[in-house]
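Listed below, chain by chain, are the residues.
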Amino acid sequence: MNLTMPSLSPTDTSVSQSLHPSVTPSPSCSVVIIGGGFAGLAAAVELADQGAHVLLLERRSFLGGRAYSFTDKTTGDTVDNGQHLMMGCYHYTLRFLEKIGSLGKLKFQQNPQVDFLSLLANGQTHHASFRCPSLPAPLHLLAGLFKLQTIGWRDRWNALRVGLELRRLNGNRAELADITVREWLTRLGQTETMQRRFWDLVALATLNETPDRASADMFARVLDQAFMHTRQDSTMVISRVGLSDLYTDDARRFVEQRGGTVRLNAEVARIEFDGIRAVAVELKTGERIEADAFISAVPYFALPRMIAPEILAVSPGLRPIAQFKSAPIVSVNLWYAEPVTDVEFSGLLESRIEWVFNKNAISGHSQSGHQHLALVVSGAHEAAKLPKEELIAIAVAEMERFFPAARRQKPAHAFVMREHDATMSHVVGTARLRPSHKTEFENFFLAGDWTDTGLPATIESAVQSGVDCAVAVRHLN
Ligand SMILES: Cc1cc2nc3c(=O)[nH]c(=O)nc-3n(C[C@H](O)[C@H](O)[C@H](O)COP(=O)(O)OP(=O)(O)OC[C@H]3O[C@@H](n4cnc5c(N)ncnc54)[C@H](O)[C@@H]3O)c2cc1C
């Protein structure tokens, strides 16, 4: 089958104009978007809002990509493919969620706060809070660090040097491009204890890579974005509902109400180029679809499968993709009959599990009546290779070490998710290989968390990339 998407002329826009009278539609633009994760949906929403004729093609039978949820068969509870945390500095994401009407499904912290649990010499659990008071940024961060009891006084003072260095760099991080997070922090006099008990957890959580491999440039960018601007930027934002319920249906509805189409089970096998332009996509079924513009919003490892090797080999933007590698995330979900903790989420110091999320406290309910805990290991290159039974045993043992209530019971149910390609690995040197959203083909654009947004591969990077592509498409004519 060979289809040509109808181009949208200004007279076709009565539906979108009546919904959004202030929006000027881009004339005669039909756009194919490949991939229905955050990036593809953000591009689709933005373009549909501008009056473009959007067709989104998703390979799987559901939307959400690497951020989705499903119902656990045993308990009936909603389980994410991995706990996702956002921050107040996710400006693009929050705008996207607001646009599709999903903002009310989020929980916002009033003041930045992260809890840490550590074990004392006598085996008791010590609870400390990294709580930033109502001061302008970055003073809120310094005040928060000064009260953090999991690190000693000297280390708290010393942390000032990181803040001062970020101020000195003032966004110009070129000198950090070739060193690791570990090298940078050591240069800044951060002791081994301070790194192990604070910075390593922050780096793993934000970059999904171990500090010995991760790029200092990307870490400095994260710290700058989260802590050097407004206090609001440093707050944690978390979904009260399963990830799929947070955005996929609302984004789809938004696009369809504006005349767009979202097709599931529609895997693109090939993108056809004619030298300077993309002309069509061919689905696995053989169906061929032409359009005015094309946005690829698939992960870095899926893109080369759709592009002929002879094009990849000569494309300056696409060729470096072959050098990218993935970093895994392992999640262990445990259900306990008796509550184990009442804290919403906490970092575990010196543990093989980095974070514990109390899903009942976050969502406000439990289908099963059990306490559902989601445990996270990021940058999980070693853990991802372990058998599920071993991962569950490690998780249960760690819960017993940190929470007395977990020693009195065995979990009623356990479920492991291993996301081997959770994000691209932000090792030293990767940043300069990430391609821009614009390619050498004038109507073919790249979205996805891995493209050159300047941010680590996160939801925010994905959404920003989708919006950037939508803006570029708008400027095509
Ligand atoms: C376990 C885990 C935990 C995470 N935690 C966080 C967190 O706490 N905070 C945070 O900000 N980020 C987190 N992330 C990262 C975040 O999920 C991603 O950055 C984001 O979801 C990427 O979105 P994307 O649209 O770029 O790509 P994807 O979500 O991968 O979407 C790409 C889509 O393209 C589709 N596709 C692929 N090939 C084709 C084809 N040929 N034809 C049609 N469709 C195709 C795929 O099926 C997929 O739906 C986490 C990721 C994981 C896995």
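Bear in mind the structure is a predicted one, so any value in this text is a computation, not a measurement.

About the criteria used
- Residues numbered from 1 in each chain as written.
- Predicted model: local features only at pLDDT ≥ 70, side-chain atom pairs only at ≥ 80, totals over all residues.
- Heavy atoms only, no water.
- Helix = DSSP H or I, 4+ residues; strand = E, 2+ residues; numbered from the N terminus.
- Rg over C-alpha atoms; globule rule 2.2 N^0.38 Å.
- Buried < 20%, exposed > 50% of the residue type's maximum accessible area, 1.4 Å probe, protein only.
- Contact = heavy atoms within 4.5 Å.
- Areas by Shrake-Rupley, 256 points an atom, 1.4 Å probe, with all protein chains shown as cover.
- Lys, Arg positive; Asp, Glu negative; His and termini not counted.
- Charge placed at Lys NZ, Arg CZ, Asp CG, Glu CD.
- Near = heavy atom within 4 Å.
- Polar contact = N/O pair within 3.5 Å; in protein donor to acceptor, adjacent residues only side chain to side chain.
- Domains from an automatic or database assignment.
- Buried area = accessible area lost by both parts, 1.4 Å probe.
- Salt bridge = Lys/Arg side-chain N within 4 Å of Asp/Glu carboxyl O.
- Nonpolar A, V, L, I, M, F, W, Y, C, P; charged D, E, K, R; others polar.
- Pairing = 2+ DSSP bridges.
- Axes fitted to C-alpha atoms, helices over the stretch in contact; angles between N-to-C directions.
- Arc of directions from axis to C-beta.

**Let's talk about the overall build of the chain**
Then, in step 1: For the chain, the count of helices and strands is 14 helices and 21 strands.
Then, in step 2: Scaling as 2.2 N^0.38, a compact globule of 477 residues should have a C-alpha radius of gyration of about 23 Å, and the chain matches this with 23 Å.
Then, in step 3: Taken over the C-alpha atoms alone, the chain extends approximately 70 × 50 × 45 Å along its principal axes.
Then, in step 4: By residue count, 58% of the 477 residues in the chain fall in the buried class.
Then, in step 5: Across the chain, contacts joining residues at least 24 apart in sequence account for 69% of those joining residues at least 6 apart.
Then, in step 6: Looking at the chain as shown, the accessible area adds up to about 19700 Å², and 53% of this sits on carbon and sulfur atoms.
Then, in step 7: Charge separation in the chain, taken as the distance between the mean sites of 48 positive and 51 negative side-chain charges, equals 4 Å.

**Considering the environment of leucine 141**
Then, in step 1: Structurally, the position occupied by leucine 141 is in helix 4 (residues 139-146).
Then, in step 2: For the pair leucine 141 and alanine 293, spaced 152 residues apart in sequence, the C-alpha separation works out to 44 Å.
Then, in step 3: Once you skip the residues sitting within four places of it in the chain, leucine 141 turns out to touch Phe130, Cys132 and Phe227.

**Section: the site of the ligand**
Then, in step 1: Near the ligand lie 38 residues; those nearest to it are Glu58, Arg66, Leu85, Tyr90 and Asp449.
Then, in step 2: Here an oxygen atom of the ligand sits 2.9 Å away from a polar atom, N or O, in the main chain of alanine 39.
Then, in step 3: With respect to the ligand, the backbone of glycine 65 contributes an N or O atom lying 3.4 Å from an oxygen atom.
Then, in step 4: Mapped by element, the contributors of at least two residues to the shell around the ligand are helix 2 (38-49), strand 20 (413-424) and helix 14 (459-474).

**Concerning the domain arrangement of the chain**
Then, in step 1: Domain assignment breaks the chain into domain 1 (2-66 + 243-324 + 433-474), domain 2 (131-234) and domain 3 (326-424).
Then, in step 2: Taking the mean C-alpha position of each, domain 1 and domain 2 sit 35 Å from one another.
Then, in step 3: Contact with domain 1, which involves six residues of that partner, is made by six residues of domain 2.
Then, in step 4: Surface buried jointly by domain 1 and domain 2 totals about 410 Å² across both partners, of which 61% is contributed by carbon and sulfur atoms.
Then, in step 5: Among the residues domain 1 hides against domain 2, the three largest losses belong to Gly454, Leu455 and Pro456. Together they make up 77% of the total.
Then, in step 6: Where domain 1 packs against domain 2, one counts zero salt bridges.
Then, in step 7: Broken down by class, the residue content of the side of domain 1 that touches domain 2 amounts to two nonpolar, two polar and two charged.

**Structural notes on the sheet that holds strand 2 (residues 30-34)**
By definition, the strands of a sheet pair up through backbone hydrogen bonds, in either a parallel or an antiparallel sense.
Then, in step 1: Strand order in the open sheet made by the five strands is 11-3-2-15-21, with parallel pairing throughout. What marks the edges here is a single partner per strand, and that holds for strand 11 (261-263) and strand 21 (444-446). Across this sheet, the average inter-strand angle for adjacent strands is 15°, counted without regard to direction.
Then, in step 2: Note: strand 3 (residues 53-57) against strand 11, three bridges, orientation parallel. The residue bridging leucine 56 from the neighbouring strand is valine 262, located in strand 11.

**Considerations on the pattern of salt bridges**
Then, in step 1: Evaluation of the coordinates by the stated rule reveals 29 salt bridges.
Then, in step 2: For arginine 196, the salt bridge goes to glutamate 350, with nearest N and O atoms at 2.6 Å. Placement of the pair is arginine 196 in helix 7 (residues 192-207) and glutamate 350 in the loop between strand 17 (345-348) and strand 18 (355-358), with a sequence separation of 154 residues.
Then, in step 3: Residue arginine 196 is classed as partly exposed on the basis of its relative accessible area of 30%.
Then, in step 4: Residue glutamate 272 is joined to arginine 288 by a salt bridge in which the shortest nitrogen-to-oxygen separation is 2.8 Å. Within this pair, whereas glutamate 272 is found in strand 12 (residues 268-273), its partner arginine 288 is found in strand 14 (residues 288-290), the two being separated by 16 residues in sequence. For the pair glutamate 272 and arginine 288, one class covers both residues: buried.
Then, in step 5: Taken together, the salt bridges that share partners define one network made up of Arg270, Glu272, Glu282, Arg288 and Glu290.

**Things to note about the side chain of serine 465**
Then, in step 1: Mapped onto the secondary structure, serine 465 falls in helix 14.
Then, in step 2: On the accessibility criterion, serine 465 (1% relative accessible area) is buried.
Then, in step 3: Aside from chain neighbours lying at most four places away, what touches serine 465 is Ala39, Ala447, Gly448, Thr451 and Thr453.

**Let's talk about the sheet that holds strand 10 (residues 236-239)**
Then, in step 1: Taken together, three strands build an open sheet; the order of strands is 6-10-7 and the sheet is antiparallel. Edge strands, defined here as strands with exactly one partner in the open sheet, are strand 6 (86-87) and strand 7 (106-108).
Then, in step 2: Sheet analysis places strand 6 next to strand 10, joined by two bridges and oriented antiparallel. If you follow methionine 87 over to strand 10, its bridge partner there is methionine 236.
Then, in step 3: Contacting strand 6, strand 7 and strand 10, helix 3 (residues 91-99) runs over the sheet at an angle of about 135° to strand 7.

**Thoughts on helix 3**
Then, in step 1: Where helix 3 is concerned, the buried positions are Thr93, Leu94, Phe96 and Leu97. Across the axial projection of helix 3, the buried residues extend over an arc of 160°, all falling on one side.
Then, in step 2: Lining the buried residues of helix 3 we find helix 2, strand 6, strand 7, strand 10, helix 9 (243-257) and helix 14.

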